[in-house]
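Coordinate inspection notes
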Amino acid sequence: MTNTANPQASTHTPFLNRRQRLLAQLGDGVAIVPTAPERVRNRDTQHPYRFDSYFWYLSGFPEPEAVLVLLGASSAAPARSLLFCRSKNVERETWDGFRYGPEAAKEAFAFDEAWPIEELDRRLPELIADRETLWHSFGDDSAWDARIFSAMATVRGMARAGRRPPRTLQDLRAPLDAMRLVKDRHEIGIMRRAADIASAGHARAMRNCRPGMAEYELEAELTHEFRRRGADGHAYSPIVAGGANACILHYVDNRRLLADSALVLIDAGCEVEGYAADITRTFPVNGRFTPAQRDVYEIVLAAQAAAVAAIRPGVPFAAYHDAALRVLTQGLIDLKILAGSVDGAIESEAYKPWYMHRTGHWLGLDVHDAGDYKSGEAWTTLAPGMTLTVEPGLYLRPGEGVPPELTGIGIRIEDDVLVTADGAHVYTTAPKSIAEIEEVMLRGSDAP
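Everything numeric here is computed off the predicted structure, so don't read it as measured data. (Residues numbered from 1 in each chain as written. Predicted model: local features only at pLDDT ≥ 70, side-chain atom pairs only at ≥ 80, totals over all residues. Heavy atoms only, no water.)

1. Brief notes about the packing of aromatic side chains
Put simply, the rule reads: Aromatic pairing here means that ring centres of Phe, Tyr or Trp (its six-membered ring) are within 6.5 Å. Orientation follows from the plane angle: under 30 degrees is stacked, over 60 is edge-to-face, and everything else is tilted. Each helix corresponds to a stretch of at least 4 residues labelled H or I by DSSP, and each strand to a stretch of at least 2 residues labelled E; elements are numbered beginning at the N terminus. Whether a residue is buried, partly exposed or exposed follows from its accessible area with a 1.4 Å probe, protein chains only, as a fraction of its type maximum: under 20%, in between, or over 50%, in that order.
Throughout the structure, instances matching the rule amount to 14 aromatic pairs. Taking the centre distance of 5.8 Å and the plane angle of 75° together, the rings of Phe15 and Trp56 count as edge-to-face. One end of the pair, Phe15, is in helix α1 (residues 13-26); the other, Trp56, is in helix α2 (residues 53-59), with 41 residues separating them in the sequence. Residues Phe15 and Trp56 agree in their burial class; the two are buried. Note on Phe61 and Phe109: the rings are 5.3 Å apart at their centroids and 85° apart in plane angle, and the pair reads as edge-to-face.

2. Points about the pattern of salt bridges
The cut-off we apply is this: Here, a salt bridge means any side-chain nitrogen of Lys or Arg that lies within 4 Å of a carboxyl oxygen of Asp or Glu.
Under the definition given, this model contains 31 salt bridges. Between Arg180 and Asp369 there is a salt bridge, with the nearest N and O atoms lying 2.7 Å from each other. Within this pair, whereas Arg180 is found in helix α7 (residues 173-181), its partner Asp369 is found in the loop between α12 (342-348) and β15 (374-375), the two being separated by 189 residues in sequence. Of the two residues, Arg180 and Asp369, neither departs from the other in class, the shared state being buried. Asp343 is paired through a salt bridge with Arg326; the nearest N and O atoms lie 2.8 Å apart. One end of the pair, Asp343, is in helix α12; the other, Arg326, is in helix α11 (residues 318-334), and 17 residues separate them in sequence. On the basis of relative accessibility, which here comes to 48%, the residue Asp343 falls in the partly exposed class. You can call Arg326 partly exposed: its relative accessible area is 41%. Within the structure, one salt-bridge network assembled from shared partners comprises Arg204, Glu221, Glu225, Arg228 and Arg229.

3. What to know about the sheet that holds strand β11 (residues 263-268)
The test is simple: By this definition, two strands are paired if DSSP reports at least two bridges between them. Helix axes are fitted only over the stretch in contact, all axes being lines through C-alpha atoms; the angle between N-to-C directions runs from 0 to 180 degrees. Two residues form a contact once any of their heavy atoms are found within 4.5 Å.
Across the sheet, three strands lie side by side as β10-β11-β14; this open sheet has antiparallel pairing. For this open sheet the edge positions go to β10 (239-242) and β14 (279-284), each flanked by a neighbour on one side alone. For this sheet, the mean angle separating the axes of adjacent strands, direction not counted, is 10°. For β10 and β11, the ladder comprises four bridges, and the chain directions are antiparallel. Of the residues in β11, the one forming a bridge with Val240 is Ile266. Its contacts with the sheet place helix α9 (residues 215-228) against β10, β11 and β14, and it is angled at close to 145° to β10.

4. Notes on the nonpolar core
Most often, soluble globular proteins have nonpolar side chains that are buried together. Our working definition: We call a set of buried Ala, Val, Leu, Ile, Met, Phe, Trp, Tyr and Cys residues a nonpolar core when their side-chain atoms join them within 4.5 Å.
By size, the foremost hydrophobic cluster in this structure holds 116 residues, and its most contacted members are Leu218 and Leu388. Those residues in contact with Leu218 that lie beyond four places of it in its chain are Ala205, Cys209, Met213, Val240, Leu258, Val264, Ile266 and Phe283. Core analysis: the next-biggest nonpolar cluster, separate from the first, contains 20 residues, Val69, Leu82, Phe84 and Ile148 among them.

5. Here we look at the packing of helix α5 (residues 120-128) against helix α6 (residues 142-156)
Which entries qualify depends on this criterion: The scheme is simple: roughly parallel for angles under 35 degrees, roughly antiparallel for over 145, roughly perpendicular for 65 to 115, oblique for anything else. Note on convention: near helix rotated counterclockwise from far helix by under a right angle means a left-handed crossing. Clockwise means right-handed. Ten residue types, Ala, Val, Leu, Ile, Met, Phe, Trp, Tyr, Cys and Pro, are classed as nonpolar, four, Asp, Glu, Lys and Arg, as charged, and the remainder, Gly among them, as polar.
It is the contact of α5 with α6, at a shortest axis distance of 9 Å, that shows an interaxial angle of 60°. Classified by the interaxial angle, the pair formed by α5 and α6 is oblique. Between α5 and α6 lies a crossing of right-handed hand. Counting all contacts with α5, which are made through Leu120, Asp121, Leu124, Pro125 and Ile128, the residues of α6 involved are Trp144, Arg147, Ala151, Met152, Thr154 and Val155. Residues of the contact of α5 with α6, tallied by class, amount to eight nonpolar, one polar and two charged.

Here you go:
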């Protein structure tokens, strides 16, 4: 594959600020942050490259074969950030596209130093020697663990010269996860753009849906709109599930034909500058909800509204799931699928055959983004700047207690939400109410 573009570095200020924040936490320590390796199918066929999220969060540097080394302030020197990257190579650029090289990368991305990647193993022992703590994502990549331990062994061999390896090893993901959990203004702006593009993709799929289409044809409509509007591609493998396929939570075959009277569930989001949108919409293939479909849809929609209303600073992460669960459980009782009280059905988990997942997750550079949900028995407390999904659903697979007219209905509604100082802001905008969906589908593919 060829790439002749010469990309321009985006503003480096947010990445520089994050490096400085992390360096302030490292003390007299050193952090080693490699990017993701390239995936090569064979000598001549490569997959599209995607950087490591932690590396990108701190660097904004898009190329493979790169490592960030952060040196905390010591009595001998101030804090520094070093990049090791591929050397400038005009011949390789003819085949693989533009590469910065250390000199240009240092200037463009505001590193204190930059070196060829070939220099890393030689320089690493000196960089880690006499540091109090070595920070790395230990256990994530055995080859990298071995590389670091080899450098430490080299430093131990310098004992007679008065050098020593770091005294302690720490998991770098702990401080980085806490940082990534609260998005800065730069991140929120990108995520809003991803959400706008993903919302347009879902609207396009609704406008172009017709009975007899294949699920993959609707997937193609999403892909078209994502790329047309400048997204990097899908943030994850899209789910396009017609009829009872929607009751399979991770259905990704997307090969069946769409029946006239069925619903179709689409769970799809795009990625922009590394950040994900994550949206699910469920709508009738022929553009009109049946009474039974309408009844189930309104329950799920009400559950989502209750969940969003429960999101605000100072409440535990679990609060919005609990709010959605009460509405869904009451809905199952109203549909005559469950009997008894809401409290009893929740306590006994009688609802679980039809609602088996939690109501959302963190969202950001990864679709299921970094950050703790719970520490011991205590749920993480929501704070302004956190971003999460809200995605209640009901999946009425054939089975005891499901009326025939409801059998095979699977509905999930998912939006992306920013926790604000006074509550929650839903920043995905794909049509969602029954009236909105039916109007969009009635206008069809000729609508903007």
